[in-house]
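# Results of the structural survey
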Amino acid sequence: MPLDFLKRRNAAETAAPAATQPSVQPRSSHAAITLPEEVVAQEYQLKLYYAGKSSEGVRMTAGPKAIAELPSMLHGLAKSEIEVVDPLPIEFSQATPVMARPSEAMQWLNAHHIHSPVTRHALVVLESIDAIDLAFDTFVCTLLDGEVDTSGYPEYSAIVGGVVSHWDEATGDMIARAVVGWGGKGARGDTDRIAAKLLSGILTNILANQYALGLTPIDRPVPAAGRGGLVCAHCGFASAHERAFYCPKCGMRLLRG
Ligand SMILES: [Zn+2]
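Presented here is an overview of the structure given in this document. Throughout, a residue's number is its position along its own chain's written sequence, starting from 1. Given that this is a predicted model, residues contribute local features only at a pLDDT of at least 70 and side-chain atom pairs are listed and counted only at 80 or more, while totals for whole chains, interfaces and linings are drawn from all residues. Based on all heavy atoms of the structure, the side-chain values leave hydrogens and waters out of the count.

This paragraph deals with the coordination of the zinc ion. Ideal geometry at a metal centre gives angles of 109.5 degrees when four donors are arranged tetrahedrally and 90 or 180 degrees when six donors are arranged octahedrally. Think of the donor list as every N, O and S atom within 2.8 Å of the metal, or within 3.2 Å for Na, K and Ca; water never makes the list, so a site can look incomplete. Bound to the zinc ion on the protein side are Cys-232 (SG), Cys-235 (SG), Cys-247 (SG) and Cys-250 (SG), at distances that span 2.3 Å. Because the angles between the four donor atoms bound to the zinc ion fall within 106 to 115 degrees, the donor set is best described as tetrahedral. Mapped onto the sequence, the residues coordinating the zinc ion show the spacing C-x2-C-x11-C-x2-C. On the criterion of sequence distance, the pair formed by Cys-232 in the segment after β6 (212-216) and Cys-250 in the segment after β6 is long-range, its members being 18 residues apart. A 1.4 Å probe rolled over the protein chains alone gives each residue an accessible area, and that area as a share of the maximum for its type sets the label: buried under 20%, exposed over 50%, partly exposed in between. Since its relative accessible area comes to 3%, Cys-232 is described here as buried. On the basis of relative accessibility, which here comes to 17%, the residue Cys-250 falls in the buried class. Here the metal geometry follows the donor angles, with tetrahedral for four donors whose angles all fall between 85 and 135 degrees, square planar for four and octahedral for six when opposite donors are more than 155 degrees apart and every other angle is between 65 and 115, and irregular for all the rest. Numbering of helices and strands runs from the N terminus; a helix is a DSSP stretch of H or I covering at least four residues, while a strand is a stretch of E covering at least two.

The next subject is the pattern of salt bridges. Only one rule defines a salt bridge in this text: a Lys or Arg side-chain nitrogen within 4 Å of an Asp or Glu carboxyl oxygen. If you walk through the whole model with that rule in mind, you get six salt bridges. In this structure, the salt-bridge partner of Lys-249 is Asp-86, at a minimum N-O distance of 4.0 Å. Here Lys-249 is found in the segment after β6, whereas its partner Asp-86 is found in the loop between β2 (83-85) and α3 (102-112), with 163 residues between them in sequence. Looking at Lys-249, the relative accessible area reads 35%, which means it is partly exposed.

Attention now moves to the nonpolar core. Each nonpolar core is a collection of buried residues, namely Ala, Val, Leu, Ile, Met, Phe, Trp, Tyr and Cys, held together in the definition by side-chain atoms within 4.5 Å. Core analysis: the largest hydrophobic core is formed by 28 residues, its most contacted members being Met-60, Ile-159, Val-163, Val-180, Ile-202 and Ile-206. Counting residues per element, this core draws most heavily on helix α5 (residues 191-208), at seven residues. Residues within four places of Ile-202 in sequence aside, it is in contact with Leu-74, Leu-77, Leu-144, Gly-162, Val-163, Ala-178, Val-179 and Val-180. Core analysis: the next-biggest nonpolar cluster, separate from the first, contains 19 residues, Leu-88, Ala-158, Val-160 and Val-179 among them. Every residue pair with non-hydrogen atoms within 4.5 Å of one another is taken to be in contact.

Take α5 next. Across its 18 residues, α5 extends 26 Å between first and last C-alpha, which sits within 8% of the 26 Å expected from 1.5 Å per residue. Taken residue by residue, α5 has Thr-191, Ile-194, Ala-195, Leu-198, Leu-199, Ile-202, Leu-203 and Ile-206 as its buried positions. In a helix, the anticipated span is given by 1.5 Å times the number of residues less one.

Among the structural elements, Ile-132 can be located in the loop between α4 (117-128) and β3 (138-145). Residues Ile-132 and Val-164, spaced 32 residues apart in sequence, show a C-alpha to C-alpha distance of 7.6 Å. If we skip the residues at most four places from it in the chain, Ile-132 touches Leu-123, Leu-126, Glu-127, Asp-137, Phe-139, Val-164, Arg-177, Val-179 and Arg-220.

Within the secondary structure, Thr-142 sits in strand β3. N or O atoms closer than or at 3.5 Å make up a polar contact, with two conditions inside protein: a donor-capable atom paired with an acceptor-capable one, and, for residues adjacent in sequence, both atoms drawn from side chains. At 2.9 Å, the side chain of Thr-142 forms a polar contact with the backbone oxygen of Ser-80.

Time to look at the pairing of strand β4 (residues 159-167). Regular strands place their side chains on alternate faces of the sheet. Among the nine residues in β4, nine count as buried, and that is most of the element. Strand direction decides the pairing type here: β3 and β4, joined by seven bridges, are antiparallel. Looking at β4, one finds that Leu-143 is bridged to Val-160. When DSSP finds two or more bridges between a pair of strands, those strands are recorded as paired. For β4 and strand β5 (residues 174-184), the ladder comprises eight bridges, and the chain directions are antiparallel. Each bridged residue has a counterpart across the sheet, and for Ser-165 the counterpart in β5 is Ala-176. Hairpin connection of β4 to β5: six residues between the antiparallel strands, including Gly-172 at a positive phi of 85 degrees.

Turning our attention to the sheet that holds β2. In space, the six strands of this open sheet follow the order β2-β3-β4-β5-β1-β6, with antiparallel pairing throughout. A single partner strand is all that each edge strand has here, and the edge strands are β2 and β6. This sheet shows a mean twist of 30 degrees between the axes of neighbouring strands, independent of strand direction. Axes here refer to lines fitted to C-alpha atoms; in helices the fit is confined to the stretch in contact. Angles between the N-to-C directions go from 0 to 180 degrees. In the packing of α4 onto the sheet, contacts are made with β1 (49-60), β2, β3, β4 and β5, and the angle to β3 comes to roughly 110 degrees.

Positive phi is not limited to glycine here, since Asp-130 has a value of about 65 degrees. One can find Asp-130 in the loop between α4 and β3.

A word on the environment of Arg-177. Secondary-structure assignment places Arg-177 in strand β5. When the C-alpha atoms of Arg-177 and Ile-218 are compared, they prove to be 8.7 Å apart, with 41 residues separating the residues in sequence. Here Asp-137 takes part through its side chain, which lies 3.2 Å from a polar atom of the side chain of Arg-177.

If you want it as structure tokens, here you go:
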């Protein structure tokens, strides 16, 4: 109750006049407080460092069957379970791993809480630096180098990544590329060099696949700005990508109108 609050306050002031008087008195005469020439500030800082690399694309035949080939391209390189992250449907089109934006963060968590700590870390790093876009990319992910902490999350110097694919709008072919990323509260000198080696190892594996046709420049699709595009008649996937000719998930042709 406000009245009680006022009463208590008044009571406190009158009850201890001796204690409050000396500190109140100089404050009323302005000359007693001089502004310090320099403010003594305690500094706080956090430097986050995220980095990554993406290779050229490799054109694949075999249509939707090629998706099943992606995990095998990490054999010999994977240091943890290989996980497949499908493109996100339209209801997750705002998903962003940024805590200060609760609606976007909530979408992101709803979409990705099922994944392993390695994959979630990889998604945070690679989405933050725009190396992947789950509006149309399929991401096949693993730990490639370095350690995880006791909760299973990669250390800042650990390298994560794998194979990323999307469907070429013009031809409908699958385009696969190698992607690696790393980072966090720090950076280490040799990470970039190890990452470059891993990137070429993954690209070699992609090119060695039976369905690979060779290197191709990557013309990445542009996700729709506002409302989403089409619903796949084959798998029911509602794409956030309105110009897509091919379903980001199953690769079948999207029917218009
Ligand atoms: Zn589909």
